[in-house]
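A look at the structure
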Amino acid sequence: MSLYGVSLSTTPPAESGLSVIPGGSDPWTYVVLASDFTTTSATAVPVTGMAFTPSANTKYEFEAVLMTRTATTTVGPRPGLGWPTGMTDGVATIKQTSSATAELTTNGNINAALLCAVGGLPTNTQSYPATVKGMVVAGATPSGTVKVNLASETAGTTVTIKAGSFLKYRSYA
């Protein structure tokens with residue numbers, strides 16, 4: 001392949017220490033939320049179906065894009081992430097809108113489940129974005145799922161992840 005007379009290669013030089021892993025036309029597996037998921041729990045609960053089960057000795061990257069809502073603007077949805085056992089390593093970042101111009105960021109690893117900090121949404125009549133992004137390395141005997149969780153900032157107040165939100169994942173080695 002060439003661009004403006006310069007030869008380009010999809011194979012990096014051996015000394016670079018990089019490798020190219022072909023992914024096919026669309027190597028992502030999508031898990032799309034078919035109906036709204038709501039909770040009033042102040043403790044993280046798994047979002048029904050928004051999970052994947054890692055295979056032994058496999059590395060994955062994953063990302064969730066969530067349309068979040070709240071019944072009360074002063075009470076925010078708190079997206080989270082749960083890890084399976086038997087992982088060798090893994091990290092993730094969660095970002096949740098907290099105003100029209102700001103977001104909350106939560107970072108973590110397989111040592112503990114992640115849950116976004118508290119903060120409200122700008123309105124209770126429209127969706128606002130939340131994202132979860134990460135990678136995980138499964139060991140020889142993984143057990144359980146990588147799963148998206150949700151909690152309400154205040155028990156008794158309904159928070160929602162809207163239908164059409166998704167989790168996508170793929171193995172890369």
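A quick note: this is a predicted structure, and the numbers were derived from the prediction, not measured.

Our next topic: the overall build of the chain. In terms of helices and strands, the chain carries zero helices and 14 strands. Taking all 173 residues of the chain together, the buried fraction comes to 36%. Taking all contacts inside the chain whose residues are at least 6 apart in sequence as the whole, residues at least 24 apart take part in 78%. A total accessible area of about 9,000 Å² is found for the chain, and carbon and sulfur atoms account for 53% of it.

Under the counting rule described, the total for this entry stands at three salt bridges. Residue Lys162 is joined to Asp36 by a salt bridge in which the shortest nitrogen-to-oxygen separation is 2.7 Å. Of this pair, Lys162 sits in the loop between β13 (159-161) and β14 (166-171) while Asp36 sits in the loop between β3 (29-32) and β4 (37-39), placing them 126 residues apart in sequence. Ionic pairing is found between Glu61 and Arg170, a salt bridge with its closest N-O pair at 2.7 Å. Highlighted residues: Glu61 in strand β6 (residues 59-70) and Arg170 in strand β14, separated in sequence by 109 residues. According to the relative accessible area criterion, Arg170 is partly exposed, its value standing at 24%.

Okay, the nonpolar core next. Val47, Phe52, Phe62, Leu66, Leu81 and Val136 are the most contacted members of the largest nonpolar core, which totals 29 residues. Those elements that provide at least two residues to this core are β5 (45-52), β6, β8 (85-97), β11 (128-143), β12 (146-152), β13 and β14.

Attention now moves to the side chain of Ser165. As for its position among the elements, Ser165 is in the loop between β13 and β14. Look at Ser165 and you get buried, because its relative accessible area is 1%. Of the polar contacts made by the side chain of Ser165, one reaches the backbone nitrogen of Met67; its length is 2.8 Å.

Relative to the elements of secondary structure, Thr39 occurs in strand β4. Distance from Thr39 to Pro77, taken between C-alpha atoms, is 9.3 Å for residues 38 residues apart in sequence. Those residues in contact with Thr39, other than ones at most four positions away along the chain, are Val45, Leu150, Ala151, Ser152, Thr157, Thr158 and Val159. Only 3.1 Å separates the side chain of Thr39 from the backbone nitrogen of Ser41, close enough to count as a polar contact.

Pairing in this open sheet of four strands is antiparallel, and the strands run β5-β12-β7-β10 from one edge to the other. In this open sheet, the two edge strands, each paired with only one partner strand, are β5 and β10 (114-115). The pairing of β5 with β12 spans four bridges and is antiparallel. Note on β12: the bridge partner recorded for Pro46 is Asn149.

Take the packing of aromatic side chains next. Tallying each qualifying case throughout the model produces six aromatic pairs. A centroid spacing of 6.0 Å and a plane angle of 55 degrees characterise the contact between Phe52 and Phe62, whose relative ring orientation is tilted. Here Phe52, found in strand β5, pairs with Phe62, found in strand β6; they are ten residues apart in sequence, far enough to count as distant. Accessibility assignment for this pair places Phe52 and Phe62 in one class, buried. A connected cluster of aromatic rings, assembled from ring pairs, spans Phe52, Tyr60, Phe62, Trp83 and Tyr169.

Moving on, we come to the confidence of the model for the chain. For the chain, per-residue confidence averages 89 on the pLDDT scale, and 86% of positions sit at 70 or higher. Confidence drops under a pLDDT of 50 for residues 6-12, and excluding neighbours within four residues, the segment shows eleven contacts in the predicted structure.

Each value, and the rule that gives it
- Sequence order sets the numbering: in each chain, residues are counted from 1 along the sequence as written.
- The model is predicted, so local features are restricted to residues of pLDDT at least 70 and side-chain atom pairs to those at 80 or more, both for listing and for counting; the totals for chains, interfaces and linings are taken over all residues.
- Side-chain measures were taken over the full set of non-hydrogen atoms in the model, leaving aside hydrogen atoms and water.
- Under the DSSP-based scheme used, a helix requires at least four consecutive residues in state H or I and a strand at least two consecutive residues in state E, with every element numbered from the N terminus.
- Think of it in three bands: residues with accessible area under 20% of the maximum for their type are buried, residues over 50% are exposed, and the middle band is partly exposed, with areas taken using a 1.4 Å probe on protein chains only.
- Contacts are residue-level and defined by heavy atoms, with any inter-residue pair within 4.5 Å sufficient.
- Computed by Shrake-Rupley with a 1.4 Å probe, the accessible areas treat only the displayed protein chains as cover when residues are assessed.
- For this document, the term salt bridge refers to a Lys or Arg side-chain nitrogen within 4 Å of an Asp or Glu carboxyl oxygen.
- What makes a nonpolar core is a set of buried Ala, Val, Leu, Ile, Met, Phe, Trp, Tyr and Cys residues whose side-chain atoms join them at distances within 4.5 Å.
- Counted as a polar contact is a pair of N or O atoms within 3.5 Å, where, for protein atoms, one must be capable of donating a hydrogen and the other of accepting one, and residues adjacent in sequence contribute only when both atoms are in side chains.
- What makes two strands pair is DSSP finding at least two bridges between them.
- Within 6.5 Å between ring centres, the rings of Phe, Tyr and Trp (the latter by its six-membered ring) count as paired, and their orientation is classed by plane angle as stacked under 30 degrees, edge-to-face over 60, tilted in between.
- Every residue gets a pLDDT, meaning the predictor's confidence in that residue, from 0 to 100.

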